[in-house]
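Working through the structure, step by step
One-letter residues, chain by chain:
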Amino acid sequence: MSDKTLLLVDGSSYLYRAFHALPDLRNKGGEPTGAIYGMVGMLRRLRNDSNLSAGAQHGAVVFDAPGKTFRDALYPQYKANRTEMPSDLVRQIEPIHRIVRAMGWPLLMIDGIEADDVIGTLAAQAQRQQMRTVISTGDKDLAQLVGDRVVLVNTMSRDGGPGERLDRDAVIAKFGVPPERIVDYFALIGDAIDNVPGIPKVGPKTAAKWIAEYGSLDDVIANADRVGGAIGENLRAALDWLPRSRQLLTVKCDCDLSAHVESIETSLRFGDEDVAELIALFDRFEMKNWKRELESRTAPPQPAARPLPSPLAIEYETVRDDAALERWLQRIDAAPLAGIAVATTSLDPFAAELVGVALALEPGRGCYVPVAHRYAGAPDQIPRDRLLERLRGWLQNPQRGKTGYNLKFAAHVFANHGVPLEGIAHDALLQSYVLEAHRSHALEALAERHLGRRKLTLEQVAGKGASQIPFEQVPLERATECSAEDAEVSLHLHRALQPAIDSDEQLRFVYERIEMPMSIVLQKVERTGVLIDAAALSRQSEELGSRMLALERDAHEAAGQPFNMNSPKQLCELLFDKLKLPVVKRTASGAPSTDEEVLDKLAQDYPLPRIVLDYRALSKLKSTYTDKLPRMVNARTGRVHTCYSQAVAVTGRLSSTEPNLQNIPIRTAEGRRIREAFVAPPGSRIVSADYSQVELRIMAHISGDAGLTRAFTEGLDVHRATAAEVFGTPLIDVSAEQRRYAKTINFGLIYGMSAFGLAANLGIERDAARNYIERYFARYPDVARYMNETRVLAKQQGFVRTIFGRKVWLAEINSPNGPRRQAAERAAINAPMQGTAADLIKLAMIAVQDWIERERLATRLVMQVHDELVFEVPEPEVDRVRAELPGLMSGVAQLAVPLVVDVGIGRNWDEAH
């Protein structure tokens, strides 16, 4: 057998997928770049994957040519459901073709022959020449080509990982039929993408079952009379169509390509990269990392005071004796900044134990000190306690700067062993977040994006899924590669990212004064945890369960039959087949939807949807909180410890996970009862402090609107003041209903609510809602000006800023997709307010924690929930904390209107809120 490999790329498949999957990326000139970025990334991954393309010297990227093929003559409706190619995708085709050729790939686009058929024919030719063929595609139809020497791969996976690989066994596992029966399978179920009908009501399971039972499509046809029921009738009605369906779906493997491909050996050999052309194209489309990588390969050597090592000159040391450890201790103790990473037994920050510590002082150089690797034949290692004792002085020295990636986690791990981690100076995760919050912050993604380096992943060294081994069982050599690289790449990233932060004074403030100190505060809040009354939650859980049973009985009575309350399929059949309720909207598969929005609308006129909604609400409370929270109590501390993530929301808001403490509902009695279970220990009280109407106050500051500013500076009820303006009523005569309308308008407009949305929220006609909005903007003209100017600015630069300078990126602000673009425009209006509110609460946390430590109080900050801080305060400190919190929190910024902080006190969170 030949050891040669042919790489074939289904360019047409990836072209559309890249365009629709990626955000609406554009360069400064407004040219769309998303499809280009996706295609180039996919081709680079394919060529760099040693398992797929090792030694490959032949390949091609194959695109569909415009015009008709034999399938259009066979079936005029073939692909008739496809809309015209979006203009922004059309604009990217010519640059993609140029880049493909400049990368050295042969490009094929043959009139009258579909890309699939070109690929099939080339794969057949390669088979005859005993060559291995790797087909990179997202098109499931090409699974029919898989064989002993042909595999399919999907290198455009969502997470940027290796993607799906289909050999014969994988095809059978995925589809339930072997490759030689794929055409029969799709003939039965149809292909919606190409507008090839299948048999009604025949899905993948039925098709695979028939083929397994009868053998082939011909055998299914021959036995059609044996299939009963409505599905059998559908099969028999389609007998005349099935042969043509199979013909349409069969990839031709005998096309005449001689005018374009003399032979695989001569015509499809990879060429050299046209580096100058690629640099020019990458520069035009602002693909800076790829451009930088090419320039680094071609640039003449430049003298430097301290040259960095070549990306290939990697040197990692495994430290297993005291002499080597001492050398590294002396180096890091003398360095102004060192990279650090931890290897652990778990990813749970409160359960993780140290397996090893990695250190780095410059890019390309690092070490790994293993302390607890346990496997057969594992060599001797420095004992964990001895390492910690030797490192303790450096770890807890605030004058010895540390950098790394997600060092909040590392701080927890060292704290688990009784060692505080001080001197955290930089964090690559937060540097990335401040610079580009809208992009992936995974360390592997950052290394590739900013350093042009492919980094090892945990899955590559420890496996994945059920077969993943604990890190302590990873061999030392491999563990050193992975962990030392973590520390070294983090340090390298700091050097790459920090200049960009330093060049923007506002971003530097966000990074140095908000995000870095916030990380340290959050680690302390997480470590403290919050006390809950598990017994109270258990009682609530029982009560919720009883109420759910009662609602279930009511639902069965309303439906006229029993059914599974948790089955959307059964509910769909009941509502729309049996009860004949109107279909509000449909799912992607075409079935009537039973989501919350649909049920809420139907509940206005029918009893069953309301019962189902009430049942679902109670079920969510029970499963998410009253059942789950008691199980999450830490056995060692007796408290619940959430994890606050900084680098998630593009607006700067924190997110809480495991458990999520920020989404406990407060508008229902049941939700408020859950808050009752968050309690203070004996001798203490819960104190809650939250900013009052903070986003509206920020709107007044940003817009400079005189009317809105006056309402806040005079201490008026802003909703009542708005109602007086909108309805032309004296302030004293504003009714409760008018105030409710004004409140909805105030909060709705800062979220970009339209007249349609306002009408739906207030239950009024759209013309009336539009009239209210027009009156609002007439009374508050600078709010309207701010909104219009913000939309324009966001479209021009792709982001908006908070008052403090945080960039909130809006990937879809220029999207050709109308709903996506409109959503981005609404986000652009709200983002400066929501982002500024996030910055304010973070600054407040930093200021309050600093005050607590400076004053040596026993008060502890235990939770942050949006605009609210929750404290556990010993009773002797309650009066002092209550008196100081408003000034501390309102004093973190000077706005054009006063910041007001409401403080509440109680035995539990609900009482204090």
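Every value quoted in this text rests on a predicted model; they were computed, and no experiment measured them.

1. Quick look at the overall build of the protein
- The secondary structure content of the protein amounts to 39 helices and 20 strands.
- On the principal axes, the C-alpha backbone points of the protein span a range of 85 × 80 × 55 Å.
- Taking all 913 residues of the protein together, 51% fall into the buried category.
- Look at the contacts in the protein between residues 6 or more apart in sequence, and 68% of them connect residues 24 or more apart.
- About 41400 Å² of surface is accessible on the protein, with carbon and sulfur atoms providing 49% of the total.

2. Overview of the sheet that holds strand β3 (residues 107–108)
- Here we have six strands laid out as an open sheet, ordered β3-β2-β1-β4-β5-β6, and mixed in their pairing. Two strands bound the open sheet, and with one partner strand each, they are β3 and β6 (164–166).
- In this structure, strand β1 (residues 5–10) lies alongside strand β4 (residues 132–136), joined through five bridges in parallel fashion. The residue bridging Thr5 from the neighbouring strand is Arg132, located in β4.
- Contacts from helix α2 (residues 34–48) reach β1, β2 (58–62), β4 and β5 (150–154) within the one sheet, and its direction differs from that of β1 by about 165°.
- Sitting on the sheet, helix α6 (residues 115–128) is in contact with β1, β2, β3, β4 and β5, with an inclination near 175° to β1.

3. Observations regarding the state of the cysteines
- The full count for this structure, using the stated rule, is zero disulfides.
- Just so you know, Cys367 is unpaired, no disulfide at all, and the nearest cysteine sulfur is the one on Cys482, 14 Å from it.
- Note on Cys482: relative accessible area 5%, which makes it buried.

4. Section: the nonpolar core
- Formed by 114 residues in total, the largest nonpolar core has its most connected members in Phe678, Tyr691, Met845, Met863, Phe871 and Met889.
- Looking at this core, the element that brings in the most residues is helix α37 (residues 818–854), giving 12 residues.
- Non-local contacts of Tyr691, meaning those with residues more than four positions away in its chain, are made with Leu840, Ile841, Ala844, Asp867, Met889, Ser890, Val892, Leu899, Val900 and Val901.
- Listed in part, the 57 residues of the second largest apolar core include Ile110, Ile135, Val146 and Ile211.

5. Observations concerning the packing of aromatic side chains
- All chains considered together, the criterion is met by 15 aromatic pairs.
- On the numbers, 5.7 Å between centres and 70° between planes, the contact of Phe175 with Tyr185 is edge-to-face. Here Phe175 is found in helix α7 (residues 168–175), whereas its partner Tyr185 is found in helix α8 (residues 182–189), with 10 residues between them in sequence.
- In this structure Phe175 comes out as buried when scored by relative accessible area, which is 8%.
- Centroid distance Phe727 to Tyr772: 5.2 Å. Interplanar angle 70°. Geometry classified as edge-to-face. With Phe727 in helix α32 (residues 718–727) and Tyr772 in helix α35 (residues 766–779), the pair connects residues that are 45 residues apart, well separated along the chain. We note that Phe727, like Tyr772, is buried.
- Here the aromatic cluster, defined as three or more aromatic residues joined through ring pairs, consists of Tyr37, Phe282 and Trp290.
- Its guanidinium or amino end placed over the ring of Trp394, Lys402 lies 4.8 Å from that ring's centre, counting from NZ or CZ.
- Positioned above the aromatic ring of Trp909, the side-chain terminus of Arg675 is 3.8 Å from the ring centre.

6. Digging into the pattern of salt bridges
- Going through the model one piece at a time under the given rule, you end up with 63 salt bridges.
- Put simply, Glu868 and Arg675 hold a salt bridge, and the shortest N to O gap is 3.9 Å. Residue Glu868 is found in strand β19 (residues 868–874), and its partner Arg675 is found in helix α29 (residues 669–676); the two are separated by 193 residues along the sequence.
- On the accessibility criterion, Glu868 (4% relative accessible area) is buried.
- A relative accessible area of 5% means that Arg675 is categorised as buried.
- The closest approach of N and O atoms between Glu789 and Arg785, which form a salt bridge, is 3.0 Å. Here Glu789 and its partner Arg785 are both found in helix α36 (residues 781–797), four residues apart, which amounts to about one turn of the helix.
- Connected through shared salt-bridge partners, Arg71, Lys79, Glu114 and Asp117 make up one network.

7. Describing α32
- The element α32 is extensively covered by neighbouring structure, given that eight of its 10 residues are classed as buried.
- On the buried face of α32, the contacting elements are α30 (694–703), α31 (706–713), α33 (736–750) and α35.
- Its side-chain oxygen placed 3.0 Å from the backbone nitrogen of His719, Asp717 serves as the N-cap of α32.
- A positive phi of about 60° marks Gly728, the residue just after α32.

Rules and cut-offs
The residue count restarts for each chain, going from 1 along the sequence in the order it is written. For this predicted model, a pLDDT threshold of at least 70 governs which residues receive local features, and a threshold of 80 or more governs which side-chain atom pairs are given and counted, while totals over whole chains, interfaces and linings are taken from all residues. Computation of side-chain values: all heavy atoms of the structure, hydrogens and water removed. In this text, helices come from DSSP runs of H or I with a minimum length of four residues, and strands from runs of E with a minimum of two, each type numbered from the N-terminal end. Only protein chains enter the area calculation, which uses a 1.4 Å probe; residues under 20% of their type maximum are buried, those over 50% are exposed, and those in between are partly exposed. Here a residue-residue contact requires only that any non-hydrogen atoms of the pair lie within 4.5 Å. Under the convention used here, a 1.4 Å probe and the Shrake-Rupley method define accessible areas, while residue burial counts only the protein chains that appear. A pair of strands is considered paired only if DSSP assigns at least 2 bridges between the two. Interaxial angles span 0 to 180 degrees and are taken between N-to-C directions of axes, which are lines fitted to C-alpha atoms, for helices over the stretch in contact. Two cysteine sulfurs form what is called a disulfide whenever their separation falls within 2.5 Å. Among buried residues, the Ala, Val, Leu, Ile, Met, Phe, Trp, Tyr and Cys ones that are joined through side-chain atoms within 4.5 Å form a nonpolar core. Ring pairs are drawn from Phe, Tyr and Trp, using the six-membered ring of Trp, whenever the two centres fall within 6.5 Å, and their geometry is named by plane angle: stacked under 30 degrees, edge-to-face over 60, tilted for the rest. Either the NZ atom of lysine or the CZ atom of arginine qualifies as a charge over a ring when it sits within 6 Å of the ring centre and within 35 degrees of the ring normal. Salt-bridge detection follows one rule: a side-chain nitrogen of Lys or Arg within 4 Å of a carboxyl oxygen of Asp or Glu. The definition of a polar contact used here is a pair of N or O atoms within 3.5 Å, where within protein one atom must be able to donate a hydrogen and the other to accept one, and adjacent residues in sequence count solely through side-chain atom pairs.

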